[in-house]
Amino acid sequence: MIVLLAVSNRDMYGYELIEEVSKVVDINDGTIYPLLKRLTNEKYFDTYLVESNEGPSRKYYHITSLGQEKLVEAIEVWKVFAKSVNKFIKESEKK
Amino acid sequence: MMKDKFLKELEKKLSILTELEKKDIIDEYRDIIEEKIKHGKTEEEAVKEFGNIDKLTDEILSAYKINPEFNKKKESSASDFVGECEDFIKKGANKLAEVTEEIVDNFKKNGKDFTLESVFELVLKVIIFLLFLAVLRIPFAIVASLGSSLFDSSFIFIGSGVGGFIWKLLTEIIYIVVCILLFVVIVKKWTDNKVSNQSNVEKAEPVAKKKETKTSTTDEIINEKKDSKTNKKVPTNHASSQIITTLLRIFIIFVMVIPLVFVYIAALSGLIISIYLIFKGVYVVGILLLCISACIFLGALIDILSSKLFNGKRIRIYPFIISFILFVIGSLLTVEYFLGFTYYNKLPEDVLSETIEKTIETNEAIVIDYDKIVIDNTMENNKIKVEARYYYLEEYYYENIEINTFEPDCDNCYKHLVVDYDRAYQKFNLKELFTDKFVEILKEQKIYNYEKLNDIDITIYVNENTKDLVKD
């Protein structure tokens, strides 16, 4: 979900994405790319190459409309989950 | 790990993907590593952050819904082999349970399908299967008895029966397991067949094929059973057929490869001995070529068998052709060499000889087994000079040789003269075999009649008068 969210804000390339996501959660670099691959194969992302003058061309990830839908869903699920967890914590603290 | 090495390994592990996709992924990872380096990390660190490369590959491939176990199956090393065997045994046990249930279900379902034809089909198949098992028994029996006698002779200190007994037990167990698994596989295929309603034509085919190929290897029979089934694809029984192939490998190794290796060693020793003899001047080129051809032939055979067992390689024909040519030339030369031997019905010139002599006096007739008689009138009457010449070798000689006379032992018999002797041999030792003398014999290609060593030449000298006393 976090990956989808990050890319929905702006298009990013691999390394950028790792940076952004690491700000939120501590994640193994190795799992980012396979995850991107999976999401791309399932048509949540589009990719395009951008020529760079400092090195080889970079692959940028762009979220699709399908991806956007999925993102909205995922955020809903997360919100519901967070609400239940918070409720549970509050109840436990009361006792 | 350095960047290039990492990327190369990654590419190898992703070989199942298309070139384009692979390039895509490798480029992306290269970019990510470059970026990290730009931001101050070393190559090592950048690569390490990706974690375990195998896990990484599994994750990437899972995006394509590929079974990550797929590629790995091909590489099985010796240590994996044991693990595989254990798995097979477990799977085998499971399969057995499953199959029994399936059979029962199938029978219930197809109860009405039991026509006379299918019954005959079943009976025939069972008979053929039993015959096949009996034939399979033979190599196992050979292996069992060979192994047990080998163990019996070498385990004398532990207890002569133990080694052989254990070996026999092992071979029996393997045999039984093989039979059961074959039975399982065949029954499973058969029941699958019943489900797919096969036609009668199939009945004739397996029977005919089985009768012809009963003596062929187990591999082919199982394959033919597969082939002779219908258009419906029989669900490949992965686990049990794997068990079968593993056991077949063990079987073929024991029964075929190991004896071949021993014969190969024998051919090699023949080669060495013939080179030694040639070096010493004995013209045994023919035998040398024979041994070379044997080595090449066996080497190629062992190579084919081992490559068939572990992975299918192309079969090379040329070693067989070469070895055949060498064999023909070699055998011709060998025959020529052996024809070069001449036989002499006498002893060689350089054999040693000695003579003993004795003069005896006699008034009566005496029997002497002489070879030559010389009338020497300088001899006195009733006196006979006996000369005995005998031949001997260094290793094979006479001892206690004497000329004796014996009184007659019956009423109408004569006195007789006999040369008594003892035979002595020098102890034979292996070094003798390779002394120059033996090599000389091979070189000269002359064979003498050494039986003549047992002959003693007796010459007697008598005068005119006494001559008549000597009887033959």
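Quick notes on the rules
- Residues numbered from 1 in each chain as written.
- Chains lettered and ligands numbered in written order.
- Predicted model: local features only at pLDDT ≥ 70, side-chain atom pairs only at ≥ 80, totals over all residues.
- Heavy atoms only, no water.
- Axes fitted to C-alpha atoms, helices over the stretch in contact; angles between N-to-C directions.
- Helix = DSSP H or I, 4+ residues; strand = E, 2+ residues; numbered from the N terminus.
- Parallel < 35°, antiparallel > 145°, perpendicular 65-115°, else oblique.
- Left-handed = near helix turned anticlockwise from the far one by under 90°.
- Contact = heavy atoms within 4.5 Å.
- Nonpolar A, V, L, I, M, F, W, Y, C, P; charged D, E, K, R; others polar.
- Expected span 1.5 Å × (residues − 1).
- Buried < 20%, exposed > 50% of the residue type's maximum accessible area, 1.4 Å probe, protein only.
- Arc of directions from axis to C-beta.
- Salt bridge = Lys/Arg side-chain N within 4 Å of Asp/Glu carboxyl O.
- Pairing = 2+ DSSP bridges.
- Buried area = accessible area lost by both parts, 1.4 Å probe.
- Polar contact = N/O pair within 3.5 Å; in protein donor to acceptor, adjacent residues only side chain to side chain.

### Topic: the packing of helix α1 (residues 3–13) of chain B against helix α4 (residues 53–62) of chain B
Residue and element names in this part refer to chain B. The N-to-C vectors of α1 and α4 enclose an angle of 45°; their axes lie 10 Å apart at closest approach. Regarding the angle of α1 to α4, the classification is oblique. In the crossing of α1 with α4, the sense of the turn from one axis to the other is right-handed. Packed against α1, whose contacting residues are Phe-6, Glu-9, Leu-10 and Lys-13, the element α4 presents Ile-53, Asp-54, Leu-56 and Thr-57 at the interface. The residue inventory of the contact of α1 with α4, partitioned by class, reads 4 nonpolar, 1 polar and 3 charged.

### Section: helix α12 (residues 318–339) of chain B
Residues and elements named next belong to chain B. Its 22 residues place the ends of α12 32 Å apart at the C-alpha level, agreeing with the 32 Å of an ideal helix rising 1.5 Å per residue. Within the span of α12, buried status applies to Pro-319, Ser-323, Leu-326, Gly-330, Thr-334 and Tyr-337. Buried residues along α12 cover an arc of 70° about the axis, so they all sit on one side. Among the exposed residues of α12, those oriented more than 90 degrees off its buried face are Phe-324, Leu-332, Glu-336 and Leu-339.

### A closer look at the pattern of salt bridges
Residue and element names in this part refer to chain B. Scanning the model with the defined rule gives 9 salt bridges over all chains in all. In this structure, Lys-13 and Asp-54 form a salt bridge, with 2.9 Å as the shortest nitrogen-oxygen distance. Of this pair, Lys-13 sits in helix α1 while Asp-54 sits in helix α4, and the two are 41 residues apart along the sequence. We note a salt bridge from Glu-364 to Lys-415, for which the minimum N-O separation is 3.8 Å.

### A few points about the sheet that holds strand β1 (residues 12–13) of chain A
Residues and elements named next belong to chain A. Read from one edge of the open sheet, 3 strands run β1-β3-β2, paired in antiparallel fashion. Each end of this open sheet is capped by a strand with a single partner; those strands are β1 and β2 (45–50). Note that β1 and strand β3 (residues 58–63) share 2 bridges and pair antiparallel. The partner of Tyr-13 across the bridge, within β3, is Tyr-60. Where helix α3 (residues 29–41) meets the sheet, it contacts β2 and β3, and its direction lies at approximately 55° from that of β3.

### So, the sheet that holds strand β7 (residues 415–425) of chain B
All names here are of chain B. Read across the sheet, 4 strands follow the order β6-β7-β3-β10 without closing on themselves; strand pairing throughout is mixed. Both edges of this open sheet fall to β6 (396–406) and β10 (470–471), since each of them pairs with a single strand only. Strand direction decides the pairing type here: strand β3 (residues 366–368) and β7, joined by 3 bridges, are parallel. Looking at β7, one finds that Ile-368 is bridged to Leu-417.

### A closer look at α3(A)
Helix length check: α3(A) (13 residues) gives 19 Å between terminal C-alpha atoms against 18 Å at 1.5 Å per residue, within 8%. Looking one or two places after α3(A), you find Lys43(A), whose phi comes out positive at around 70°.

### Considerations on the interface of chain B and chain A
Contact with chain B, which involves 21 residues of that partner, is made by 20 residues of chain A. Roughly 1,800 Å² of surface becomes buried between chain B and chain A when both sides are summed, with 51% attributable to carbon and sulfur atoms. Taken as a group, Glu28(B), Glu35(B) and Ala63(B) account for 28% of the area that chain B buries against chain A, more than any other trio of residues on that side. The interface formed by chain B and chain A holds 0 salt bridges in total. Taken together, the connections running from chain B to chain A amount to 0 residue pairs in polar contact (both at pLDDT 80 or more). Elements supplying a minimum of two residues to the side of chain B that touches chain A: α2 (19–38) and α4 of chain B. Looking at the side of chain B that touches chain A residue by residue, the classes come out as 8 nonpolar, 3 polar and 10 charged.

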